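Here is what each chain is made of, one letter per residue.
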Amino acid sequence: MNKSNIPYMKIAEKTGLSVSTISRALKQPHLVKHATLKVIYHAIEELGGILPDALAPITHDMRILAIVPVFNNPFYTDIVLGIQDAANKHSCQLLIVNETLSKFNIHQITDFISQSDISGVVIMQKLDTEVLEQLKIRTPLVQCSEFNEVNDISYITIDNLEATRKILRYILTTGRRNIALVNCDPARYTYAKLRLQGYYDTLEQAGITVNPSHIVTVPDGNFSTAVPAISALLKSAGLPDAIFCVSDIMAAAALRACALEGYRVPQDIMVAGFDNIDISVMTTPNITTINQPKHDMGFMACTQLLSMIADPAKPPQRFILDTELIIRESTDF
């Protein structure tokens, strides 16, 4: 018996689902994924039908998935805590997977999403277009921090351009003008691309011609890789009087490289980082940095995902959050 008052065919036309799926959802909802149930229930309500109590959506055991590309990067810790707090607030179960998504593992991930009855996913990675397409057709999706510059995906991030301008303008006010940039791969990371753009824009606006030899790219952003790369910079002609690093980990590497090469920070060379993770206050000197609202980004990403699950027709939304400059010893006498 159809307890919804609305013919199955009408619900099927509204949702694009098969009549058999509609029938199963109304007769045996425990056999249908939560995301599919929500689409059907929403359609019934829009068509003026009535949902008996037995058909009310179950949320307390809804599962969402956070895919973390690098577990040993402390930047992601606060983001995941924000996602967890939002999931707890809405009585959802959070699963966490440590994977860097690519064409080589996307099928395993989408199979896991299907088999584990995942209702939606938060990812913290820019994806290849093909991989992104495969993921978004399988599940509601929100990108957090890193994102693809496309119009059909929701994301939560920061204003990377303005944050970069903010920290470089501060360094310029100290009288330093030979500012080097230690960056990750701008082709791989959106934030690296935008911070590189902010670096060029700010120096050019200050009337400074960018010295290409002052731009160091450390593709993986690791401490152990960054130290020798920055040491090589310090041994080359045209010594910088300040180094802006796009992460606090690489700023710590810059402090190490300066010590190895015999330069004092900040007297000889100023060093600044980005992220405001714990390492920024563990070094000597501690590191001037940009604070990202990491917990807020995670909380908002999860909240946005849940709203998309509840309303599959909701258009993508993009939230760009502000940052804070934190001045510490590595640039301040």
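This text follows the structure it describes.
Throughout what follows, the structure given in this document is the object of discussion.

Conventions used here
- Residues numbered from 1 in each chain as written.
- Predicted model: local features only at pLDDT ≥ 70, side-chain atom pairs only at ≥ 80, totals over all residues.
- Heavy atoms only, no water.
- Core = buried A, V, L, I, M, F, W, Y, C linked by side-chain atoms within 4.5 Å.
- Buried < 20%, exposed > 50% of the residue type's maximum accessible area, 1.4 Å probe, protein only.
- Helix = DSSP H or I, 4+ residues; strand = E, 2+ residues; numbered from the N terminus.
- Contact = heavy atoms within 4.5 Å.
- Pairing = 2+ DSSP bridges.
- Axes fitted to C-alpha atoms, helices over the stretch in contact; angles between N-to-C directions.
- Disulfide = S-S within 2.5 Å.
- Parallel < 35°, antiparallel > 145°, perpendicular 65-115°, else oblique.
- Left-handed = near helix turned anticlockwise from the far one by under 90°.
- Nonpolar A, V, L, I, M, F, W, Y, C, P; charged D, E, K, R; others polar.
- Phe/Tyr/Trp six-rings, centres within 6.5 Å; stacked < 30°, edge-to-face > 60°.
- Lys NZ or Arg CZ within 6 Å of the ring centre and 35° of its normal.
- Right-handed = clockwise from strand over helix to strand, strands pointing away.

**Points about the nonpolar core**
- Core analysis: the biggest nonpolar cluster contains 75 residues, and Met124, Ile179, Ile230, Ile243 and Phe244 have the highest contact counts within it.
- With nine residues, helix H10 (residues 248–261) is the single largest residue contributor to this core.
- Not counting residues up to four positions away in its chain, the partners in contact with Ile179 are Leu168, Ile171, Leu172, Tyr199, Leu203, His214, Asp241, Ala242 and Phe244.
- Ranked by size, the runner-up nonpolar core spans 17 residues in total, among them Leu65, Ile113, Ile118 and Leu132.

**Considering the sheet that holds strand E3 (residues 118–123)**
- Spatial strand order, E2-E1-E3-E4-E5-E11: six strands in an open sheet with parallel pairing. Pairing within the sheet leaves two strands with one partner each, and these edge strands are strand E2 (93–98) and strand E11 (318–321). Adjacent strand axes in the sheet meet at a mean angle of 20 degrees when their direction is disregarded.
- With three bridges connecting them, strand E4 (residues 141–144) and strand E5 (residues 154–158) associate as parallel partners.

**Structural notes on the state of the cysteines**
- Summed over the entire model, instances satisfying the criterion amount to zero disulfides.
- The closest cysteine sulfur to the non-disulfide-bonded Cys92 is located on Cys302, 6.4 Å from its own sulfur.
- By relative accessible area, which is 9% here, Cys92 ends up buried.

**Considerations on the packing of helix H9 (residues 223–235) against H10**
- Packing of H9 against H10 leaves a shortest axis separation of 8 Å and a crossing angle of 50 degrees. In terms of axis orientation, H9 runs oblique to H10. Where H9 crosses over H10, the handedness of that crossing is right-handed. Contacts between H9 and H10 pair Phe223, Ala226, Val227, Ile230, Ser231, Leu234 and Lys235 from the former with Ile249, Met250, Ala252, Ala253, Ala254, Arg256, Ala257, Cys258, Leu260 and Glu261 from the latter.
- The class makeup of the residues in the contact of H9 with H10 is 13 nonpolar, one polar and three charged.

**What to know about the packing of aromatic side chains**
- For the structure on display, the rule yields five aromatic pairs.
- Their ring planes at 20 degrees and their centres at 4.2 Å tell us that Phe147 and Tyr155 sit as a pair that is stacked.
- Look at Phe147 and you get buried, because its relative accessible area is 6%.
- Aromatic side chains Tyr199 and Tyr200 sit 6.0 Å apart centroid to centroid with 80 degrees between the ring planes, which places their arrangement in the edge-to-face category.
- Judged by relative accessible area, which is 1%, Tyr199 ranks as buried.
- A cation sits over an aromatic face here: Arg195 above Phe274, 3.6 Å from the ring centre.

**Some points on unusual backbone geometry**
- A cis amide bond links Val265 with the next residue in sequence, Pro266, at an omega value of 10 degrees.
- Across the junction of Thr284 and Pro285, the peptide omega takes the value -5 degrees, indicating a cis bond.
- With respect to the secondary-structure elements, Pro285 resides in the loop between strand E9 (270–272) and strand E10 (289–291).
- Despite not being glycine, Ser145 has its phi angle at roughly 75 degrees, a positive value.

**Some words on the sheet that holds strand E6 (residues 179–183)**
- The parallel open sheet is built from four strands, whose spatial order is E7-E6-E8-E9. Because the sheet does not close on itself, it has two edges, and the strands there are strand E7 (215–217) and E9. The average angle at which neighbouring strand axes cross in this sheet is 15 degrees, direction not considered.
- Where E6 meets E7, three bridges bridge the pair, whose relative direction is parallel. Bridge pairing links Val182 to Val216 in E7.
- Against the sheet, helix H8 (residues 190–205) engages E6 and E7, with an angle of about 170 degrees to E6.

**Digging into the pairing of E4**
- Here E4 shows no split at all, with Leu141 and Gln143 on one side and Val142 and Cys144 on the other all buried.
- When E3 meets E4, the two strands line up parallel, connected through three bridges. Across the sheet, Val122 pairs through a bridge with Val142, a residue of E4.
- Read as a crossover between parallel neighbours, the route from E3 over helix H6 (residues 129–136) to E4 is right-handed.

**Quick notes on the environment of Ala259**
- Take Ala259: it is sitting in helix H10.
- Taking the relative accessible area as the measure of exposure, Ala259 reaches 51% and is therefore exposed.

Purely spatial values, then, with no claim about function.
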